[in-house]
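Chain and residue survey
Single-letter residue listing:
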Amino acid sequence: MQNENVGTGDRAGALTITSHGAAGEVTGSCHQVAVAGRQLLLDCGMHQGGDAVKRLQDEQFGFVPRQIDAVVLSHAHLDHSGLLPLLVAEGFGGPIYCTGPTLNLLAIMLEDAANLYQRDLDHSNLRRKRAGRATLKPRYTLEHVRQVLEQCQPMEYHEQEAVFSGVSLRFHDAGHILGSAVVELTIAGEPDRTLVFSGDLGANERVLMRCPEVPERADLVLMESTYGDRDHRSQEDTMGELEQIIAQANNDGVIMMPAFAVGRTQELLFHLGCLYHRGLLGGWHVFLDSPMALEVTGLYDQWLDALDEQDQRVMAHYGARTLQDFLPVLTPTPSVEESMQINRIERGAIIIAGSGMCNGGRIRHHLKHRLWQSRNHLVFTGYQARGTLGRRLVDGATHIRMFGQRYAVKAQLHTLGGFSAHAGRHELLAWANKFEDSPQFRLVHGEPEALQSLADALADLGKRVTVAEQGVTFVPDFT
């Protein structure tokens, strides 16, 4: 691995990249690209974990928002998109390029995040008033979310669009969630230079999503490294483990699945539908207890034709045009009252609820009622970031605090790594190796161990590679 590589650029124009997030960490994706006197952002995501109000109060951009000319958004997950309303609130008025499905998802996710932020801010201000302290003003509002949506310019995969003079954009399918994209920026010059931003890359074996595409060539690849130090279990082994958990529970308890509303929930519904049609869900009832996940699932149904063709054929074989049709034992519980009624069920329930890292949402209420009972099961199907409740549970916490009370952790915990929405180590290396030429690689979106491991592996393949550091400006040397 090379040390920080600072070069002089070339006749294509001085190109610099400054990572303001997802550098040495896996959240807060935000990379500032400066070229030919113009500036754009690749993603504008929020950091996850901890208190949302405090996090937003402390958030400071490492640039002047009104001086940014455009944003290119890889996908709708909040750690890639969640600070767009704040960016707009602080003066950004340019276009936001994304795919059509990403725009649809943003309308759901950013509004939900804004409502949660305002609710938490109201609670925080009430406490501050009682303590005789000054209240906090919101950093952004729902009106800024609406402005974000108005500034979005949706594009089709493989369509080419000029971002500004001398820089053109093309999206490729990243296979991560609905609408996720690999970003290809072509910078005019002598010669032209191509910057590729992987966004988040999906795993090849995952259901519903297509395999990640690889642009033909690149001079520099800004590449995610979330699982750069390990591979996932195979889909077959993971499904076998899920079947064992269901058999072990044997209708004697309840299975809780904290799930991300976008992507993971829809995959779980498809997998459970497959188990149902194999006759393996006898006596079980599945509850989807997340209003946002229900809304997103409806969006996946609308974009079904954009999903994996083989999985479309499986659903069609059983006459299903929606994920709910494919899983007849599914009960949506959109209202609070319906959610609370699940607490009366002592066995035979599989509860899918947000949030995926247990930092909020209805899953915490289910944990409150069931985590301290050994007959219940808690199944993690996704990455748990540092500082989240999910991470503490995965790391073996014997007691946790929620709602001002202490709870024993007695439920049986399981981690199903094969459901990850991210490519594993060997898939990342295979993707990187498919470029026709030999681009430089700059690694982002990974914890230090994963970044170092993937950097070493890429160097062993003869790649030139550096690791992004927070706030450090990188000048690629194309000579």
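Figured I'd write up the structure that's included with this text. Note that this is a predicted model, so its numbers are computed, not measured.

Criteria and thresholds
Residues numbered from 1 in each chain as written. Predicted model: local features only at pLDDT ≥ 70, side-chain atom pairs only at ≥ 80, totals over all residues. Heavy atoms only, no water. Helix = DSSP H or I, 4+ residues; strand = E, 2+ residues; numbered from the N terminus. Rg over C-alpha atoms; globule rule 2.2 N^0.38 Å. Contact = heavy atoms within 4.5 Å. Areas by Shrake-Rupley, 256 points an atom, 1.4 Å probe, with all protein chains shown as cover. Lys, Arg positive; Asp, Glu negative; His and termini not counted. Charge placed at Lys NZ, Arg CZ, Asp CG, Glu CD. Salt bridge = Lys/Arg side-chain N within 4 Å of Asp/Glu carboxyl O. Buried < 20%, exposed > 50% of the residue type's maximum accessible area, 1.4 Å probe, protein only. Pairing = 2+ DSSP bridges. Axes fitted to C-alpha atoms, helices over the stretch in contact; angles between N-to-C directions. Parallel < 35°, antiparallel > 145°, perpendicular 65-115°, else oblique. Nonpolar A, V, L, I, M, F, W, Y, C, P; charged D, E, K, R; others polar. Expected span 1.5 Å × (residues − 1). Bend = angle between axes of the 7 residues up to and from the residue.

Topic: the overall build of the protein
Scanning the protein for helices and strands turns up 15 helices and 22 strands. For 479 residues, the compact-globule estimate of 2.2 N^0.38 gives 23 Å, and the protein sits close to it at 22 Å. Overall, the protein is about 70 × 60 × 40 Å in size when its C-alpha atoms are taken along their principal axes. Long-range pairs, those at least 24 residues apart, make up 75% of the contacts in the protein with a sequence separation of at least 6. Accessible surface computed for the protein: about 19,200 Å², of which carbon and sulfur atoms make up 47%. A gap of 10 Å separates the mean positions of the 43 positive and 58 negative side-chain charges of the protein.

What about the pattern of salt bridges?
Applying the stated criterion across every chain, the model contains 18 salt bridges. As a salt-bridge pair, K54 and D58 come within 2.9 Å of each other at their nearest N and O atoms. With K54 and D58 both in helix α1 (residues 52–58), this residue pair falls 4 residues apart, about one helical turn. On the basis of relative accessible area, K54 is assigned to the exposed category, the value being 54%. Between R230 and D229 there is a salt bridge, with the nearest N and O atoms lying 2.6 Å from each other. Through salt bridges with shared partners, one network takes in R193, R217, D219 and D437.

Thoughts on the pairing of strand β9 (residues 181–187)
The buried fraction of β9 is high, at 7 of 7 residues. Burial of the side chains of β9 extends over both faces: A181, V183, L185 and I187 are buried on one face and V182, E184 and T186 on the other. Strand direction decides the pairing type here: strand β8 (residues 167–173) and β9, joined by 7 bridges, are antiparallel. When the bridges of β9 are listed, F171 appears paired with V183. Strand direction decides the pairing type here: β9 and strand β10 (residues 193–197), joined by 5 bridges, are antiparallel. Bridging across to β10, I187 finds its partner in R193. Once β9 ends, the chain turns through 5 residues before running back antiparallel as β10.

Some details on the packing of helix α4 (residues 100–130) against helix α8 (residues 291–302)
At a closest axis distance of 11 Å, the pairing of α4 and α8 adopts a crossing angle of 170°. With respect to α8, the axis of α4 lies roughly antiparallel. Residue-level inspection shows P101, N104, L105, I108, M109 and D112 of α4 in contact with α8, the latter providing M292, E295, V296 and L299. For the contact of α4 with α8, the residue count by class is 7 nonpolar, 1 polar and 2 charged.

A closer look at the sheet that holds strand β19 (residues 412–415)
One open sheet holds the 6 strands; their spatial order is β14-β13-β15-β12-β16-β19, and the pairing between them is parallel. Each end of this open sheet is capped by a strand with a single partner; those strands are β14 (330–332) and β19. Geometrically, the sheet is characterised by an average inter-axis angle of 20° between neighbouring strands, direction not taken into account. Relative to β14, strand β13 (residues 285–289) is paired through 3 bridges, and the arrangement is parallel. When the bridges of β14 are listed, L288 appears paired with P332.

Quick notes on α4
Under the 1.5 Å per step criterion, the end-to-end length of α4 is 46 Å for 31 residues, consistent within 8% with the ideal 45 Å. Maximum bend of α4: about 30°, positioned at L106. Of the residues one or two after α4, G132 is the one with positive phi, at around 75°.

Some points on the pairing of β8
The buried fraction of β8 amounts to 6 of the 7 residues, a majority that puts the element mostly inside the structure. Across 4 bridges, strand β7 (residues 160–164) lies against β8 in antiparallel orientation. Paired with A162 across the bridge in β8 is S168. The antiparallel pairing of β7 with β8 creates a hairpin that spans 2 residues between the two strands, and G166 there sits at a positive phi of about 90°.

Some details on the sheet that holds β9
Across the sheet, 7 strands lie side by side as β7-β8-β9-β10-β11-β20-β21; this open sheet has mixed pairing. Single-partner strands in this sheet number two, and they are β7 and β21 (464–467). Put simply, the sheet's adjacent strands are angled 25° from each other on average, direction ignored. With 4 bridges connecting them, strand β20 (residues 440–444) and β21 associate as parallel partners. Paired with R442 across the bridge in β21 is T466. In the packing of helix α14 (residues 425–432) onto the sheet, contacts are made with β9, β10, β11 (220–224) and β20, and the angle to β11 comes to roughly 165°. Where helix α15 (residues 448–460) meets the sheet, it contacts β11, β20 and β21, and its direction lies at approximately 165° from that of β20.

Observations concerning the side chain of S29
Locating S29 in the fold gives a position in the loop between β1 (15–21) and β2 (30–35). We classify S29 as buried; its relative accessible area is 1%.

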